[in-house]
Amino acid sequence: MEEKRSNKQKERLEQQIRFILEADKVKNIFRQTYLADGNRKENDAEHSWHLALSAVLLKEHMDEDVDLTKVMIMVLIHDLVEIDAGDTYAYDAEGAATKREREVKAADRIFGLLPDDHGTYFRMLWDEFEEYETADAKFAHLLDNFQPLLLNDASDGRSWTEHGVHRSQVCRRNERIPETSGIVWDKMLEIMDKHIEKGHLKAD
């Protein structure tokens, strides 16, 4: 009995290790957002770590109570699907058309590497994030949208300038932020207005 339990535990560990090594691939998925110093673009692993850290700091500004541990896990796993699906730029309409299909397929494979309980939990959190309905998912989305805006601000609007982004596009992408945190939305508007004046963000 003890040997059987030991073998089951070993297999579980092997599944967890396979997932951990698979997750390492997010370090090679580069986004369109530049680091604050503007020297290079960030990768998904850096992005996810930054969101988890931001969650600890910004929780106090949310209009609804949230489960911080759950949100941190949510933002740490939300982009793992990009290992297979690739990064789809926020304002890439063509890429957005196939994004959901690509990412669901990736979620099936990647979370399927885990033991059933972990795989089911991570997939549930990923689905919750995608559905964008709960207070936790809204906070996770706020973090996912606010962080690149902050980096665009710090890098002098570099990504916005390169892609010819319009204020209306940024507002549309962030249209649900006001219901999550009024103070963060006010800050986002302030940043957008500043970069319209600088010519980094198109006014319409």
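The sections below set out a description of the structure shown in this document. Please read all numbers here as calculations on a predicted model, not as lab measurements.

Thresholds, definitions, all that
Residues numbered from 1 in each chain as written. Predicted model: local features only at pLDDT ≥ 70, side-chain atom pairs only at ≥ 80, totals over all residues. Heavy atoms only, no water. Buried < 20%, exposed > 50% of the residue type's maximum accessible area, 1.4 Å probe, protein only. Helix = DSSP H or I, 4+ residues; strand = E, 2+ residues; numbered from the N terminus. Polar contact = N/O pair within 3.5 Å; in protein donor to acceptor, adjacent residues only side chain to side chain. 1 Å grid on protein atoms, 1.4 Å probe; cavity = no way out; pocket = protein on both sides within 12 Å on 5 of 7 lines; lining within 4 Å. Points joined across faces, edges and corners; volume = space filled by probe spheres on them. Nonpolar A, V, L, I, M, F, W, Y, C, P; charged D, E, K, R; others polar. Contact = heavy atoms within 4.5 Å. Axes fitted to C-alpha atoms, helices over the stretch in contact; angles between N-to-C directions. Parallel < 35°, antiparallel > 145°, perpendicular 65-115°, else oblique. Left-handed = near helix turned anticlockwise from the far one by under 90°. Core = buried A, V, L, I, M, F, W, Y, C linked by side-chain atoms within 4.5 Å. Salt bridge = Lys/Arg side-chain N within 4 Å of Asp/Glu carboxyl O.

Another point: helix α3 (residues 68–77). Think of an α-helix as turning once every 3.6 residues; residues three or four places apart then point the same way. All of the buried residues in α3 are Lys 70, Val 71, Met 74, Val 75 and Ile 77. A side-chain oxygen of the first residue of α3 lies 3.3 Å from the backbone nitrogen of Thr 69; this N-cap is Asp 67.

Its identity as a non-glycine residue notwithstanding, Tyr 132 has a phi of 55°, on the positive side. Tracing the backbone shows Tyr 132 in the loop between α6 (116–131) and α7 (135–154). Using a relative accessible area of 13% as the deciding quantity, one classes Tyr 132 as buried. Non-glycine residue Asp 156 carries a positive phi angle of around 60°.

By volume, the largest pocket is sized at about 980 Å³. Lining the largest pocket are 37 residues, with Ala 90, Lys 99, Asp 144, Asn 145 and Arg 173 positioned closest to its centre. Going through the elements one at a time, β1 (30–34), α5 (93–111), α6, α7, α8 (158–163) and α9 (167–173) are the ones with two or more residues in the lining of the largest pocket. Residues belonging to the lining of the largest pocket are distributed by class as follows: 11 nonpolar, 11 polar and 15 charged. Here the second largest pocket defines a volume of roughly 320 Å³. In this structure, the second largest pocket is lined by 18 residues; those nearest its centre are Phe 19, Ile 20, Ala 23, Leu 76 and Leu 80. Contributions of two or more residues to the lining of the second largest pocket are made by α1 (2–23), α2 (44–58), α3 and α6. In terms of residue class, the lining of the second largest pocket is built from 11 nonpolar, three polar and four charged.

Inspection of the secondary structure assignment puts Glu 103 in helix α5. For Glu 103, a relative accessible area of 3% gives the class buried. Along the primary structure Glu 103 and Leu 80 are separated by 23 residues, whereas in three dimensions their C-alpha atoms are 9.2 Å apart. In contact with Glu 103, not counting residues within four places along its chain, are Val 81, Glu 82, Ala 85, Trp 126 and Glu 130.

Taken N-terminus to C-terminus, the directions of α2 and α3 make an angle of 165°; their axes are 8 Å apart at the nearest point. On the basis of their axis angle, the class for α2 and α3 is roughly antiparallel. α3 is crossed by α2, and the crossing has right-handed handedness. Where α2 approaches α3, its residues Ser 48, Trp 49, Leu 51, Ala 52, Ala 55 and Val 56 are matched on the opposing element by Leu 68, Val 71, Met 72, Val 75 and Leu 76. Along the lines of polarity and charge, the residues of the contact of α2 with α3 split into 10 nonpolar, one polar and no charged.

This part is about the nonpolar core. In summary, soluble globular proteins display a tendency toward joint burial of nonpolar side chains. Ranked by size, the top nonpolar core spans 46 residues in total, and within it Phe 139 and Leu 143 carry the most contacts. Sorting the residues of this core by element identifies α1, α2, α3, α5, α6, α7, α9 and α10 (182–198) as the ones contributing at least two each. Element by element, the count of residues in this core is highest for α7, at eight residues. Apart from residues lying up to four places away in sequence, Leu 143 is in contact with Leu 51, Ser 54, Ala 55, Leu 58, Val 71, Val 75 and Pro 148.

Within this structure, the stated rule accounts for 24 salt bridges. A salt bridge links Asp 24 to Lys 27; the shortest N-O distance between them is 2.6 Å. Taking relative accessible area as the criterion, Asp 24 reaches 35% and is therefore assigned partly exposed. Between Lys 70 and Glu 128 there is a salt bridge, and its shortest N-O distance comes to 3.0 Å. Pair noted here: Lys 70 is in helix α3 and Glu 128 is in helix α6, with a separation of 58 residues, a long-range link. Here Lys 70 matches Glu 128 in class, with each residue buried.

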